[in-house]
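So you can see what is in the structure, the chains are spelled out below.
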Amino acid sequence: MNMRSTRILLYSLAVFLIGLYCYSKKVERNPHYGILFYRLGKNCSGRCSIAEQKDYYQKAVYHDPSLVDALYNLAIYADREGEDARALQLFKKVIDLSSSYHVAYFKVGVDFFLKNNLENAMQSFDEAIRCKYSYRDAFYYVGRIHEIRGEYKEANRFYRRILGQRNKYYYWVPLRLGISNYMSGDEKNALKYVYRLRELKRDDLADQLEQFMETGKYPEYLTRINLTHSIHPM
């Protein structure tokens, strides 16, 4: 190899090493970049696409894995887009870093509930209520847990807190109140919820409640899993 070829080879190697160094510095984690990317994502809300916001938050978390606000936003987006496993993973990370996010506790609680881990589910819902005292979704699930445990008076107490409120449980709450009242021996009050459901034009649910009171058996679609709704927080 002649001198000229050697110089070209050395020059090319130097350029490669310099480029490699510059790239490594560019992707090197830096907490200061984390907060910068988070602010860029937050500030562009309403002015840029969801994909751009997610990209900013992902970069923020890359540079600072403890940036809980960015993690929470990524969890919300994953949940809204139906990426349930990823959303749950992110919500768990949020809880590990902060005790202030009621939706994160609620989401983790629902996962425990679906797995029939009622003790941990109750703890998660209690934390959600602690963070946001008026959190209706958690009230519903706490009522469900008490009902499953046969603690019907406690179940009624939580159901009544959201009775008549326009939410995803609007029709289910009087149904569950009818069931729990009947199971606690109060057939008179249980019948009131049959009438209430008919007033709400939900004869299908009223019929199911009457069937339950006549037979003492849960209709198929009153099972615990089928009454669990997907929650997409606003």
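The rules behind the values
Residues numbered from 1 in each chain as written. Predicted model: local features only at pLDDT ≥ 70, side-chain atom pairs only at ≥ 80, totals over all residues. Heavy atoms only, no water. Helix = DSSP H or I, 4+ residues; strand = E, 2+ residues; numbered from the N terminus. Expected span 1.5 Å × (residues − 1). Buried < 20%, exposed > 50% of the residue type's maximum accessible area, 1.4 Å probe, protein only. Arc of directions from axis to C-beta. Contact = heavy atoms within 4.5 Å. Disulfide = S-S within 2.5 Å. Axes fitted to C-alpha atoms, helices over the stretch in contact; angles between N-to-C directions. Parallel < 35°, antiparallel > 145°, perpendicular 65-115°, else oblique. Left-handed = near helix turned anticlockwise from the far one by under 90°. Salt bridge = Lys/Arg side-chain N within 4 Å of Asp/Glu carboxyl O.

Asks: Help me understand helix 2 (residues 31-43), please; the structure alone is not making it clear to me.
Replies: Helical geometry: 3.6 residues make up each α-helical turn, so side chains three or four residues apart lie on a common side. The terminal C-alpha atoms of helix 2, which comprises 13 residues, lie 19 Å apart, in line with the 18 Å expected from a rise of 1.5 Å per residue. Regarding helix 2, the residues found buried are Gly34, Phe37, Tyr38 and Gly41. Here the buried residues of helix 2 occupy an arc of 105 degrees about the axis, which is enough to place them on one side. Turned more than 90 degrees from where helix 2 packs its buried face, His32, Arg39 and Asn43 sit exposed. Looking at the buried side of helix 2, the elements it contacts are helix 3 (50-63) and helix 4 (68-80).

Asks: Even after reading the chapter, I still don't get the state of the cysteines, so can you show me in this structure?
Replies: What is meant by a disulfide is a covalent connection between two cysteines, made through their sulfur atoms. Inspection of the entire model under this criterion finds one disulfide. Through a disulfide, cysteine 44 is tied to cysteine 48; the S-S separation comes to 1.9 Å.

Asks: I keep staring at unusual backbone geometry and nothing clicks. Help me out?
Replies: Only a minority of non-glycine residues have a phi that is not negative, and only a minority of peptide bonds are not trans. With a phi angle near 65 degrees, asparagine 116 is a residue other than glycine that sits in the positive phi range. Looking at the secondary structure, you find asparagine 116 in the loop between helix 6 (102-114) and helix 7 (118-131). Among the residues examined, asparagine 116 registers a relative accessible area of 46% and is labelled partly exposed.

Asks: How do you make sense of the packing of helix 6 against helix 8 (residues 136-148) when you look at a structure like this?
Replies: Angle between the axes and distance between the axes are the two parameters that describe a pair of packed helices. Axis separation between helix 6 and helix 8 bottoms out at 11 Å; the angle between their running directions is 25 degrees. Here helix 8 runs roughly parallel to helix 6, going by the angle between their axes. Both helix 6 and helix 8 take part in a crossing whose hand is left-handed. Seen from helix 6, the contacting residues are Phe106, Val110 and Phe113; seen from helix 8, they are Asp137, Ala138, Tyr141, Arg144, Ile145 and Ile148.

Asks: Where do I start with the pattern of salt bridges in this structure?
Replies: When the charged atoms of two side chains lie near each other, side chains of opposite charge can form a pair. Applying the stated criterion to the full structure yields 13 salt bridges. The partner of lysine 59 in a salt bridge is aspartate 55, with the nearest N and O atoms 3.2 Å apart. Here lysine 59 pairs with aspartate 55, and both are found in helix 3, just four residues apart, close to one helical turn. The partner of glutamate 154 in a salt bridge is arginine 157, with the nearest N and O atoms 2.9 Å apart. One end of the pair, glutamate 154, and the other, arginine 157, are both in helix 9 (residues 152-160), three residues apart, so they sit about a helical turn from each other. The class of arginine 157 is partly exposed, set by a relative accessible area of 39%.

Purely spatial values, then, with no claim about function.
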